4 protein chains.
Amino acid sequence: MKKNKPKYMQIIEAAVEVIAENGYHASQVSKIAKKAGVADGTIYLYFKNKEDILVSVFNEKMGQFIDQIVYSTSDRQDANEKLLTLITMHFRQLASDHHLAVVTQLELRQSNKQLRMKINEVLKPYLVVIDNIIREGIKEGIFRDDLNIPLVRQMIFGTLDETVTNWVMKDQKYDLVGQSPDVHALITNGLSVKKR
Amino acid sequence: MKKNKPKYMQIIEAAVEVIAENGYHASQVSKIAKKAGVADGTIYLYFKNKEDILVSVFNEKMGQFIDQIVYSTSDRQDANEKLLTLITMHFRQLASDHHLAVVTQLELRQSNKQLRMKINEVLKPYLVVIDNIIREGIKEGIFRDDLNIPLVRQMIFGTLDETVTNWVMKDQKYDLVGQSPDVHALITNGLSVKKR
Amino acid sequence: MKKNKPKYMQIIEAAVEVIAENGYHASQVSKIAKKAGVADGTIYLYFKNKEDILVSVFNEKMGQFIDQIVYSTSDRQDANEKLLTLITMHFRQLASDHHLAVVTQLELRQSNKQLRMKINEVLKPYLVVIDNIIREGIKEGIFRDDLNIPLVRQMIFGTLDETVTNWVMKDQKYDLVGQSPDVHALITNGLSVKKR
Amino acid sequence: MKKNKPKYMQIIEAAVEVIAENGYHASQVSKIAKKAGVADGTIYLYFKNKEDILVSVFNEKMGQFIDQIVYSTSDRQDANEKLLTLITMHFRQLASDHHLAVVTQLELRQSNKQLRMKINEVLKPYLVVIDNIIREGIKEGIFRDDLNIPLVRQMIFGTLDETVTNWVMKDQKYDLVGQSPDVHALITNGLSVKKR
DNA sequence: TATGAATGAGGGTTCATTCAT
DNA sequence: TATGAATGAACCCTCATTCAT
């Protein structure tokens, strides 16, 4: 397994840094090789081509990201708590790694459709986690039972994603994690004044 | 005003088609010229450079898009109705122009940071419309008065954007406009069971 | 004859200015047309192509230049006086028209071999004037009778040309005409200490 | 040092040939690469850009040219002998390399002002050699002591340059080196009949 | 495994010239 | 004569990928 060789992760880490610093389009393979401390040709012993590096970056980094969220939400008691944890973890992980935030929110989106399809594959387990929380909430009688689950999932993911992207575009100048409760409240309660 | 010359819009329309068909990065100026039925050099009588074509595509197309929404929401009675109209119009307009949907949701996002900043400028009036609806709703006593408006705007825009993107990525196979009421309900009521 | 029409000289003058200000390679036909106050297409009613403009610039301007020298040297008494006059006139005319100096010494030399052949044709009458002065000097017993006339002509023209070019390259900061006597002395007496 | 790599000189030599054969403006990088037997991209491993190729051509070729002259004039006894040697070497070197003669006398002059400034830098050591010979001649009592040295240098260089250019323009049909003594005599004695 | 020199395809842009009015 | 919008050929340079060592 190539992933166990030290140079594999070395190149992945270099790629994240290079992309974060230079932007997607100015991230030449030779720059990544230099930052990783290997020869250009060595890259191709570990990755099929440039796109493969980028997909792998997303695989590795989002894999950890999702694992963290899955782990953190597994022992919470109800769906509401789990949802808040998911939001908080989503924000916290990206807030704690600025390079990764820039790369996932801005740079990797500049890839072509084909690459984004592969990236979406990586995201699927995350979306499943969201779906499960919704289902649990319905079962627990906390969430309405007429929810269109894919739609809810899109709302949740879209909201989180847009919030992080705005924060990155504003140069990460404010506290992202601090917004978790508000975002959670919005998602669970909506805009409307509560009916008594 | 160049915009009144027929070739200007001819090139814009050709650009939308070429980008939708070939993807952002495979959209050579020469392809756009050919599709528009003009010589390569003619492009540069109407646009400063390639980026200018792309920004102009967005300007023109999103300009109309936003104008439609502003117009449609201007005579509604309350914020709730306006919000539903906004959602419906957002979906309807993109659903009725598949090329435009592909270009705005997938292709133009592949541009670099600088170009995306310009694109965001164009979007600002739309975000203002959303903000105003929220404020009206609060004033009317329909929406909660403790709402963090930028956050709410991000939720609304993020939800709509993610929903459209998913629909485009799924090859636009289902009815997008039909989801408007559900999306509206989600945004106004949230996930939770109503307290009595 | 096109040369008698006012626009012909208008374009020539515009060309000199544009070339002097922008340099040979940045002198587009459209710039010359604009400066001359005519449409691009009008240029082609008076000149066959761009090269024809440039050759004509040289024709007209050097024609006057040479006429002046021919006229000024025609009534001098001996070859020595004529040579001094030629040198002085050569320097004076270029010193009094900075645009022309830049154009003849720097910019027009950037043209290709073919154009430079045509330019050399224009220069021929000037070289004949030099030859004649040398022959007169020999006949008058002022100049040595073993002179290789083409070589002497090259020395004279080369010296004048190099002197003017240096002056132009040094941004015309010193007095060129004041060097005439020294240059004349050098050409007639050479470097050596006079034998008694 | 790139200059030690064989491809560097290979490309320089190819550039001289291509420029001599096609002229400055028709010398595409791809033509030079083809003649040098390398890929287009390889050029850019050794040169920053096209202009850098041209400056380097001049550097290398004129560098050798000047070195030869410096070396040959270093062991002569008096300034007169040195001057004759300089003239002879100047002519001999260009006469023995027709391509180089065309490139230096005709083609490289078609470059823009900026490039010509760089070329002039390369020539400076040659002009210093001329200056030194003049000064020596004055010190030795062979040359007049009232000489304006920059002017003399311009005369000498202008004469040699014009002579070579004429020879190149006449398709190098006559013996250039054979003219050295005559040119030397002209420069040292001038046109005038010697006063006894 | 590792290297890094070499490859060569690909595209945005300029500008001299034309021609319908 | 005069216009100026339209044309389209031409070229430098980058960079992902290969392969001899």
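Note that the structure is a prediction, hence the values are computed from the model and not measured.

Caption draft 1: Representation of the interface of chain C and chain D in the model. Each side of the interface is counted separately: chain C has 46 residues, and chain D has 46 residues. Interface area, chain C with chain D, both sides summed: about 4,300 Å², of which 59% is carbon and sulfur. For the interface between chain C and chain D, the tally reads zero salt bridges. Summed over the shared surface of chain C and chain D, the number is 16 residue pairs in polar contact (both at pLDDT 80 or more).

Caption draft 2: Focus on the relation of the copies chain C and chain D. Rotating chain C by 179° and translating it 0.0 Å along the rotation axis places it on chain D, where the RMSD comes to 0.3 Å. The symmetry that links the two subunits is that of a two-fold axis. Counting the interface residues of chain C, we find that 100% of their copies in chain D are interface residues as well, pointing to one common contact surface.

Caption draft 3: Representation of the UniProt feature "DNA-binding region" (unreviewed entry) in chain A. Feature annotation in UniProt places "DNA-binding region" (unreviewed entry) on residues 28–47 of chain A, given in this structure's numbering. As a span, residues 28–47 of chain A carries 75% helix and 0% strand, and end to end its C-alpha atoms are 14 Å apart.

Caption draft 4: Spatial organisation of the relation of the copies chain B and chain A. Between the two copies, chain B and chain A, the superposition gives an RMSD of 0.3 Å; the rotation angle is 179° and the shift along the axis is 0.1 Å. A shared interface surface links the copies, since 98% of the contact residues of chain B are contact residues in chain A too.

Caption draft 5: Expanded view of the protein's contact with DNA strand E. In the region of DNA strand E, 30 residues are neighbours, and A:Lys5, A:Thr42, B:Gln28, D:Thr42 and D:Tyr46 sit closest. Protein-proximal atoms of DNA strand E, defined as those within 4 Å of the protein, fall in sugar or phosphate at a share of 72%. In the model, a phosphate oxygen of DNA strand E is placed 2.6 Å from a nitrogen or oxygen of the B:Gln28 side chain. A distance of 2.9 Å separates a phosphate oxygen of DNA strand E from a polar side-chain atom of C:Tyr44.

Caption draft 6: Summary view of the nonpolar core. One finds C:Tyr126, C:Ile156, C:Leu191, D:Tyr126, D:Ile156 and D:Leu191 to be the most contacted residues of the largest nonpolar core, which totals 137 residues. Residue contacts for C:Tyr126: discarding those within four places in its chain leaves C:Phe65, C:Ile66, C:Ile69, C:Leu86, C:His90, C:Phe157 and C:Leu160. Judged by nonpolar contacts, the second largest core, of 135 residues, contains A:Val102, A:Ile119, A:Trp167 and B:Leu123.

Caption draft 7: Spotlight on the environment of C:Leu108. Residues and elements named next belong to chain C. With respect to the helices and strands, Leu108 occurs in the loop between helix H6 (98–107) and helix H7 (113–139). Look at Leu108 and you get buried, because its relative accessible area is 3%. Between the C-alpha atoms of Leu108 and Gly190, which are 82 residues apart in sequence, the distance is 31 Å. Once you skip the residues sitting within four places of it in the chain, Leu108 turns out to touch Tyr24, Leu54, Phe58, Val103 and Ile119.

Caption draft 8: View of unusual backbone geometry. In this structure, A:Gln172 is a non-glycine residue whose phi angle is positive, near 55°. Relative to the assigned elements, A:Gln172 resides in the loop between helix H8 (149–169) and helix H9 (180–189).

Caption draft 9: Region of interest: the domain arrangement of chain A. Residue and element names in this part refer to chain A. If you check the domain split of chain A, you get domain 1 (1–47) and domain 2 (50–189). If you average the C-alpha positions of domain 1 and of domain 2, the two centres end up 26 Å apart. At the interface, 20 residues of domain 1 touch 17 residues of domain 2. Interface of domain 1 and domain 2: buried area, both sides summed, is about 1,700 Å²; carbon and sulfur atoms make up 71% of it. Lys61 is the salt-bridge partner of Glu13, the closest N and O atoms lying 3.3 Å from each other. In this assembly, domain 1 and domain 2 are joined by four residue pairs in polar contact (both at pLDDT 80 or more). Those elements that provide at least two residues to the side of domain 1 that touches domain 2 are helix H1 (6–22) and helix H3 (40–46). If one sorts the elements of the side of domain 1 that touches domain 2 by residue count, H1 sits on top with 10 residues. For the side of domain 1 that touches domain 2, the per-class residue count stands at 12 nonpolar, four polar and four charged.

Conventions we followed
Residues numbered from 1 in each chain as written. Chains lettered and ligands numbered in written order. Predicted model: local features only at pLDDT ≥ 70, side-chain atom pairs only at ≥ 80, totals over all residues. Heavy atoms only, no water. Contact = heavy atoms within 4.5 Å. Buried area = accessible area lost by both parts, 1.4 Å probe. Salt bridge = Lys/Arg side-chain N within 4 Å of Asp/Glu carboxyl O. Polar contact = N/O pair within 3.5 Å; in protein donor to acceptor, adjacent residues only side chain to side chain. Least-squares fit on C-alpha atoms with pLDDT ≥ 70 in both. UniProt positions renumbered as here; feature names shortened; annotations may be inferred. Helix = DSSP H or I, 4+ residues; strand = E, 2+ residues; numbered from the N terminus. Near = heavy atom within 4 Å. Core = buried A, V, L, I, M, F, W, Y, C linked by side-chain atoms within 4.5 Å. Buried < 20%, exposed > 50% of the residue type's maximum accessible area, 1.4 Å probe, protein only. Domains from an automatic or database assignment. Nonpolar A, V, L, I, M, F, W, Y, C, P; charged D, E, K, R; others polar.

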